[in-house]
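Geometric and topological summary
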Amino acid sequence: MFAVPDNTLLRPENPALRHPVRVALEVAADRDRWRHLLRYDPEERFATLVSKDEQQEVWLMGWLPGQRTDLHDHAFASGAFTVVSGHLTEAVARRAPGGRAVTELHALSAGQSRVFGPGYVHEVRNEGPDPAVSVHVYRDAGRAMRPYHLDALGGPVLD
């Protein structure tokens, strides 16, 4: 143990310096904050804005079995997403150093997160038998989604 001098001041945390995974996990854990917003749409993945400030946007998404995004990136945004419940699969498409196309699959369950940066091309889908819920944090450029298609030899190509 050690003593804290009387003149020590606690400086508030700068939210802009908090890692987006930490933000996503905190929002995911605070179900009272978003429970009333959650919906499932049988036609398409449900998404709604939970909060927004000058640094970031936080979105809640509800996924029914079989729902997915198309292959996309988030333009100049960086951020992260966390699975709150259920299971999601992320397919990341990229070009390897030698120029060949590579697709990496990541199976995610409740409490697991993925981070993305500008130009990170991926698709997310619910391949499980149950609905899934996720929280997404977008920084620097909002929730823009630019569509891609996959060239079998060259990798992801911006549409």
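The following paragraphs examine the structure supplied in this document. (Residues numbered from 1 in each chain as written. Predicted model: local features only at pLDDT ≥ 70, side-chain atom pairs only at ≥ 80, totals over all residues. Heavy atoms only, no water.)

Another point: the overall build of the chain. Broken down by element type, the chain carries two helices and 11 strands. For the chain, the sequential pattern of α-helices and β-strands runs α-α-β-β-β-β-β-β-β-β-β-β-β. A buried classification covers 40% of the 159 residues belonging to the chain. Considering only intrachain contacts with a sequence separation of at least 6, the fraction spanning at least 24 residues in the chain is 71%. When the accessible area of the chain is evaluated, it comes to approximately 9300 Å², of which 54% is carbon and sulfur surface. (Helix = DSSP H or I, 4+ residues; strand = E, 2+ residues; numbered from the N terminus. Buried < 20%, exposed > 50% of the residue type's maximum accessible area, 1.4 Å probe, protein only. Contact = heavy atoms within 4.5 Å. Areas by Shrake-Rupley, 256 points an atom, 1.4 Å probe, with all protein chains shown as cover.)

Of all the positions in helix α1 (residues 20-29), only Pro20, Val21, Val23, Ala24, Val27 and Ala28 are classed as buried. Viewed end-on, α1 has its buried residues packed into an arc of 160 degrees, placing them on one side of the element. Close packing links the buried residues of α1 with α2 (31-34), β1 (46-52), β2 (56-63), β4 (78-85), β7 (113-116) and β9 (132-139). (Arc of directions from axis to C-beta.)

Bringing unusual backbone geometry into the picture now. Not every positive phi belongs to a glycine, and Ala75 is a case in point at roughly 55 degrees. Residue placement: Ala75 occurs in the loop between β3 (72-73) and β4. Among the residues examined, Ala75 registers a relative accessible area of 9% and is labelled buried.

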